[in-house]
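Report on the structure
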Amino acid sequence: MAKLVGQPIKRVEDPRFIQGRGGYVTNITLPGMASVAIKRSPVAHARIVSIDASKAEALNGVIAVFTGKDLIDGGTGKLPCGWNVPNIKVPDRWAIQPVGDKVRHVGDAVAAVVAESPYIAQDALDLIEVQYEELPAVIGAKSAASNKTLVHDSVADNITYTWPLGDHAAVEQALAESDTVVTLDLTNQRLIPNAMETRAAVAQWNRYTEEMTLWTTSQNPHPIRLLLSAFTLGIPENKLRVISPDVGGGFGSKIFHYPEEIIVPWIARKIDRPCKWVATRSEASVTDSQGRDHVSTAKLGLKNDGTITGLFVETHADMGAYISTFAPLIPTAFYVCLLSGLYKIPSIYCNVVATMTNTVPVDAYRGAGRPEAAYLVERLMDLACRKLKMDPIAFRRHNFIKPSEFPYQTPVAMMYDSGNYDGLFDKAIASSGYHELIAKRDQARKEGKIAGVGIAGCIEASGPAPSKVAGALGSAVGFWESAVIRMHPTGKATLFTGAHSHGQGHETAFAQIISDELGIPMADVEVVHGDTGKVPFGMGTYGSRSLSVGGSAIVKAAEKVRTKMIKIAAHQLEAAVEDIVFDQSTGKAYVKGSPAKSKGTFDMTFAAYTAHNLPDGLEPGLEENSFYDPANFTFPNSCHIAYVEIDSGTGRVDLQQYCAVDDVGNVVNPMIVEGQITGGIAQGIGQALYEYGAYDSDGQPQSATFMDYAMPRADCFPMIHTDRTVTPSPHNPLGVKGAGEMGTIAATVTAANAVMDALAPMNISHLDMPLTPEKIWSAINKK
Amino acid sequence: MGQWVSITVNGKNYTREVEPRTLLASFLREDLGLTGTNIGCDSSQCGACTIHMDGMAVKSCTVLAVQAHGTVITTIEGMAVNGKLHPVQQAFWDQHGLQCGFCTPGMIMSISYMLAQHPNASELEIRHQLEGNICRCTGYQNIVKAAMQARDELHHEHHQHMQEQH
Ligand code: FES
Ligand code: FES
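If you're wondering where the values come from, they're calculated on a predicted model, not measured in any experiment.

Definitions and limits used
- Residues numbered from 1 in each chain as written.
- Chains lettered and ligands numbered in written order.
- Predicted model: local features only at pLDDT ≥ 70, side-chain atom pairs only at ≥ 80, totals over all residues.
- Heavy atoms only, no water.
- Helix = DSSP H or I, 4+ residues; strand = E, 2+ residues; numbered from the N terminus.
- Rg over C-alpha atoms; globule rule 2.2 N^0.38 Å.
- Buried < 20%, exposed > 50% of the residue type's maximum accessible area, 1.4 Å probe, protein only.
- Contact = heavy atoms within 4.5 Å.
- Areas by Shrake-Rupley, 256 points an atom, 1.4 Å probe, with all protein chains shown as cover.
- Lys, Arg positive; Asp, Glu negative; His and termini not counted.
- Charge placed at Lys NZ, Arg CZ, Asp CG, Glu CD.
- Pairing = 2+ DSSP bridges.
- Axes fitted to C-alpha atoms, helices over the stretch in contact; angles between N-to-C directions.
- Expected span 1.5 Å × (residues − 1).
- Parallel < 35°, antiparallel > 145°, perpendicular 65-115°, else oblique.
- Left-handed = near helix turned anticlockwise from the far one by under 90°.
- Nonpolar A, V, L, I, M, F, W, Y, C, P; charged D, E, K, R; others polar.
- Core = buried A, V, L, I, M, F, W, Y, C linked by side-chain atoms within 4.5 Å.
- Buried area = accessible area lost by both parts, 1.4 Å probe.
- Salt bridge = Lys/Arg side-chain N within 4 Å of Asp/Glu carboxyl O.
- Polar contact = N/O pair within 3.5 Å; in protein donor to acceptor, adjacent residues only side chain to side chain.
- Domains from an automatic or database assignment.
- Disulfide = S-S within 2.5 Å.

1. Description of the overall build of chain B
- Secondary structure assignment for chain B yields 5 helices and 5 strands.
- Counting from the amino terminus, helix and strand elements in chain B follow one another as β-β-α-β-β-β-α-α-α-α.
- Here chain B has a C-alpha radius of gyration of 16 Å; the compact-globule value for 166 residues is 15 Å, and the two agree.
- Structurally, chain B occupies a C-alpha span of about 50 × 40 × 25 Å along its principal axes.
- The buried share of chain B, taken over its 166 residues, is 54%.
- Considering only contacts within chain B whose residues lie at least 6 apart along the sequence, 59% involve residues at least 24 apart.
- Accessible surface for chain B amounts to roughly 7000 Å². Of this, 51% is attributable to carbon and sulfur atoms.
- The distance from the centre of the 10 positive side-chain charges to the centre of the 15 negative ones in chain B is 5 Å.

So this is what it looks like as structure tokens:
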């Protein structure tokens, strides 16, 4: 059998999706199922004075209405924070805010209705009367810190934590001794992740066994079960099964523990009927965790020859109204620790001030901290080139970490494992026809057009994380991953993986790995994920970790399966274990030198289960597991290049060419990797040119539907050209690095740099994203 | 009170009593159990709910079930014939035109209609025609490639059909 790893195998999960048989939570119907709907706050900040649900309760078909007090009295707990940075103040957060407490963002839950149908539940929401005492809204990552109004009384100055890293004095000295300093004030705007499937939950209580089953649209059902058991719902882990079946996209927003995951099972047990809740899109826009939202000031010290001497950054990060599950990780370890980019920067200091505001909580969104870092670093690099009148490529090369310098310890804690950034740029320059693009731009400019070429080189830390490191940084959990390979008597395999697929194609890629490891056809491998009732434990999928962490666990478990099969074969072939050769391409074991007499996978697995003829002391059965804790992050890196022209009459950006060269290490399925990269690029370009999760000064969301939020459409993009360099990660058995987020991380700043290059002749040095026609037109026309 | 509707869906006639406000999308999903038609928004923007009604692509979240009375509807579940995938379905598989698959049924229904209307659609025309369908996963690249593959395949089928007739 030819090796499958490295082949663009078509996805085995696709036939069900293309025929309308995706198994999403929202498709689940159970006998006797009731519908849950949530009454949400229309105001950003107010005290809940009273709730009158009598009219709703009287409506035909309404089963009950529950308030925050009902849930608290009924044993539910506060939503915990899973990443506790030093001295963080984590304010209370309930599934439903009780009367007397406050609502803190538009969309905050105040009551839940359960009814015979979704339509009746919706009708009932309108009949619930809530009296609010409105308070001024706290809006703005930076101004929140000086706002007299507090989002939470327990969080003074609205500052939940500060996170300084680096040698401040050394950076100040470096800047003082520099020939020149480039300064940049920037905003990295709020985004709404908008997975196309909205969140949903279905819960079923088994009154006989007192077991709860919760189907939820999560990227990580085991951590959700853990949080529900230990903190919020109080049903013990052994009595709670959490299933995340087919999930329609996540991009980070479905990592976190959400109130509805408490409310729905709590009601299901209370009324002893299965219950279902599905978010509307408008609801998703005000309850799904949002992304980014930084306000930063940066200073970059430079020598006249282009050498970088130091970097100072101060960032205000908006956490929103509550601390979402992993929110404190994003603007700290995932942001500050990436501020060295691809460069040797002798000293870096960054202080992060995390503030609370009356907006939807902010947490990881594809890239999660790393696009913010890449954007800041690579915008600065372009401004430095402009100031020093240096070529953007020559300047970057001058400051690159060289291949001989790996492993490279940055001044911001990260130890980069490998990379060849000159090689990466060489390939991107060739692949994109960079010099022709420059010529095209210059020609266009001669013709009076506004044209620009953008380039960026970016780094990512993916595959979280060595559990010890995560623990030291504040994590409440470990970040290993598990795999169990169950060989069936007939030689077929079932893989139970703790990673979760919500579009990533694990059923294909993981089967490719097992096929290669054990020499069995892909069709004989079943991949099971997303069910705590089946998978022993798993940390789930985010941070581009599935392959480097979860895939490594699969390789390790397969090694153990092979080892046991070899013992069985050795016994039956009457040879020493050391003399057995296991041919991974055929799944056959034979004695060295005599391949004609062999034992196939079926022979060995069947023997393991009949146990008629096993070596002394070997247990029957054939099922092996691995819990793999990564030695380090992996460090994918990329060089992206874009060409834009801008309509001078409207300010509209026409993105004409885009080329991406990424080093994601070895690749299991290049078709899937390319899909991940291009999908990620679209989201990055979305941030650069279109998307903005805006709030007005009263905290009213201005883009809470698809009418208002600029989701990129098919005609926003040209065909994207992708290419790769391969520097295998030295510390995982597959040599892979993350591929899920690199596109997003690099594309945002590449597109922004292209637009800013186009505007350079007009002496416009920086505009904040999204680079909308209005913003560009105003800048050109100095309005 | 309820109102009776009679609708042919994927070749089968269904007669049901519905609340007049029932959306066609809910009717297909809840009443008929045809959950391949997805709902991705509440403002008629995303196209995840696209179906064919009397041969036209429509967003089923924007039509009431009672308005569909007497019509002939095809949903994603009705696209494969005798186990053979429709060329657009096949192209989505071949070109890796889907990741999470949530937008996919709507995309397939939109593209199959689009190609019937514009058999020679260029890449740019395909991109413009997809204005009403949102995908968050793929960046549309492989969806557009799938549409182009299906376009060429349908041409091919058409020619073969013509030759057979002569
Ligand atoms: S659900 Fe119909 S257009 Fe979005
Ligand atoms: S494939 Fe996920 S939204 Fe299109």
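2. Regarding the overall build of chain A
- The helix and strand inventory of chain A stands at 19 helices and 28 strands.
- For a compact globule of 783 residues, the expected C-alpha radius of gyration is about 28 Å, and chain A comes in at 27 Å, within 12% of that figure.
- Taking the principal axes of its C-alpha atoms as reference, chain A extends roughly 85 × 75 × 50 Å.
- In chain A, which comprises 783 residues, the share counted as buried stands at 66%.
- A fraction of 80% describes how many contacts in chain A between residues 6 or more apart in sequence connect residues 24 or more apart.
- For chain A, the computed accessible surface area is about 25500 Å², with 52% contributed by carbon and sulfur atoms.

3. Regarding the sheet that holds strand E26 (residues 637–646) of chain A
Residues and elements named next belong to chain A.
- Taken together, 4 strands build an open sheet; the order of strands is E18-E26-E27-E28 and the sheet is mixed. Each end of this open sheet is capped by a strand with a single partner; those strands are strand E18 (450–459) and strand E28 (720–725). The average undirected angle you get between the axes of adjacent strands in this sheet is 15°.

4. Some remarks on unusual backbone geometry
Residues and elements named next belong to chain A.
- Cis geometry is adopted by the peptide bond preceding Pro407, which originates at Phe406 and carries an omega value of -10°.
- Checked against the element boundaries, Pro407 lands in the loop between helix H10 (392–399) and strand E16 (408–409).
- In the segment running from Met769 into Pro770, the intervening peptide bond is cis, with an omega of -5°.
- Within the fold, Pro770 resides in the loop between helix H18 (742–759) and helix H19 (773–780).
- Residues other than glycine seldom take positive phi values, yet Asn87 does so here, at roughly 60°.
- With respect to the secondary-structure elements, Asn87 resides in the loop between helix H3 (68–73) and strand E4 (102–103).

5. Some details on helix H14 (residues 506–518) of chain A
All names here are of chain A.
- In this model H14 runs 18 Å from its N-terminal to its C-terminal C-alpha over 13 residues, within 8% of the 18 Å that 1.5 Å per residue would give.
- Counted residue by residue, H14 has 13 buried out of 13 residues, so it is predominantly covered.
- Where H14 ends, the next residue or the one after it, Gly519, has phi of about 70°, a positive value.

6. So, the packing of H14 of chain A against helix H15 (residues 546–572) of chain A
Residues and elements named next belong to chain A.
- Where H14 contacts H15, the two axes come as close as 9 Å, and the packing angle between them is 30°. It follows from the interaxial angle that H14 and H15 lie roughly parallel. Here H14 runs over H15; the crossing is right-handed. The segment H14 lies against H15, with His506, Phe510, Ile513, Ile514, Glu517 and Leu518 engaging Ser546, Leu547, Gly551, Ile554, Val555, Ala558, Val561, Arg562 and Met565.
- Its residues assigned to classes, the contact of H14 with H15 shows 10 nonpolar, 3 polar and 2 charged.

7. Points about the nonpolar core
- Counting residues in hydrophobic clusters, the biggest one holds 181 residues, and the most contacted among them are Leu339, Val755 and Leu759 of chain A together with Phe92 of chain B.
- Broken down by element, the residue count for this core peaks at 12 residues, all from H18 of chain A.
- The contact partners of Val755 of chain A, leaving out residues within four places of it in the chain, are Val644, Ile646, Val653, Leu689, Leu771 and Ile776 of chain A.
- Within the second largest apolar cluster, 43 residues are counted, among which are Phe510, Ala608, Leu614 and Leu734 of chain A.

8. A word on the interface of chain A and chain B
- Contacts between the two partners involve 55 residues from chain A, matched on the other side by 51 residues from chain B.
- Approximately 4400 Å² of surface area, both sides summed, lies buried where chain A meets chain B, with 54% of it carried by carbon and sulfur atoms.
- Of all residues in chain A, Ile18, Tyr119 and Met719 of chain A bury the most surface against chain B, accounting for 18% of the area lost on that side.
- At the boundary of chain A and chain B, one finds 4 salt bridges.
- Residues Arg21 of chain B and Asp123 of chain A are paired through a salt bridge, measuring 2.7 Å at the closest nitrogen-oxygen approach.
- Run the count over chain A and chain B and you get 29 residue pairs in polar contact (both at pLDDT 80 or more).
- Among the secondary structure elements, those contributing two or more residues to the side of chain A that touches chain B are helix H1 (14–18), helix H4 (118–127), helix H8 (281–287) and helix H17 (670–690) of chain A.
- Tallying contributions element by element places H17 of chain A first for the side of chain A that touches chain B, with 9 residues.

9. So, the packing of helix H9 (residues 370–388) of chain A against H18 of chain A
All names here are of chain A.
- The contact between H9 and H18 brings their axes to 8 Å, and the two run at 30°. Taken together, the axes of H9 and H18 lie roughly parallel to each other. Like other packed secondary-structure pairs, H9 and H18 cross with a definite hand, here right-handed. Two secondary-structure elements touch here, H9 through Arg370, Pro371, Ala374, Tyr375, Glu378, Arg379, Asp382 and Arg386 and H18 through Ile745, Thr748, Val749, Ala752, Asn753, Met756 and Asp757.
- Partitioning the contact of H9 with H18 into residue classes produces 7 nonpolar, 2 polar and 6 charged.

10. Here's the deal with the side chain of Ser296 of chain A
Residue and element names in this part refer to chain A.
- Tracing the chain through its elements places Ser296 in strand E13 (residues 291–302).
- Ser296 gets classed as buried once you look at its relative accessible area, which sits at 3%.
- Not counting chain neighbours up to four residues away, the residues in contact with Ser296 comprise Leu184, Asp185, Leu186, Glu314, Thr315, Tyr335 and Leu376.

11. Notes on the environment of Ala739 of chain A
All names here are of chain A.
- Along the chain, Ala739 falls in the loop between E28 and H18.
- Residue class for Ala739 comes out buried when judged on its relative accessible area of 13%.
- When the C-alpha atoms of Ala739 and Val673 are compared, they prove to be 6.3 Å apart, with 66 residues separating the residues in sequence.
- When sequence neighbours within four positions are dropped, the list of residues in contact with Ala739 reads Ser544, Val664, Val673, Gln676 and Ile677.

12. Details of the domain arrangement of chain A
Residues and elements named next belong to chain A.
- Each domain of chain A was delimited in the assignment, giving domain 1 (14–135 + 197–248 + 254–287), domain 2 (371–464 + 632–781) and domain 3 (480–628).
- With 18 residues of domain 2 at the contact, the number on the domain 3 side is 19 residues.
- The interface formed by domain 2 and domain 3 includes 0 salt bridges.
- The interface formed by domain 2 and domain 3 holds 9 residue pairs in polar contact (both at pLDDT 80 or more) in total.
- Residue composition of the side of domain 2 that touches domain 3, by class: 7 nonpolar, 9 polar and 2 charged.

13. Section: the sheet that holds strand E12 (residues 275–278) of chain A
Residue and element names in this part refer to chain A.
- Strand order across the open sheet formed by 7 strands is E3-E5-E1-E12-E9-E10-E11, with mixed pairing between neighbours. Each edge of the open sheet is held by one strand with a lone partner, namely strand E3 (62–67) and strand E11 (240–243). Each strand of the sheet is rotated relative to its neighbour by a mean of 20°, with strand direction disregarded.
- Alignment of strand E1 (residues 34–40) against E12, held across 2 bridges, turns out to be parallel. What sits directly across from Ser35, in E12, is Lys276.

14. Digging into the state of the cysteines
- Counted by the stated rule, this structure contains 0 disulfides over all chains.
- Free cysteine Cys350 of chain A: the closest other cysteine sulfur is in Cys337 of chain A, separated by 9.4 Å.

15. Description of the domain arrangement of chain B
Residues and elements named next belong to chain B.
- Assigned domains of chain B: these are domain 1 (3–76) and domain 2 (87–165).
- On a C-alpha basis, the centres of domain 1 and domain 2 stand 22 Å from each other.
- Residue-level contacts link 18 residues of domain 1 with 13 residues of domain 2.
- Linking domain 1 with domain 2 are 0 salt bridges.
- Across the contact surface, domain 1 and domain 2 share 7 residue pairs in polar contact (both at pLDDT 80 or more).
- Of all elements in the fold, only strand E3 (50–53) and strand E4 (56–59) reach the threshold of two or more residues within the side of domain 1 that touches domain 2.
- In the side of domain 1 that touches domain 2, the residues fall into 7 nonpolar, 10 polar and 1 charged.

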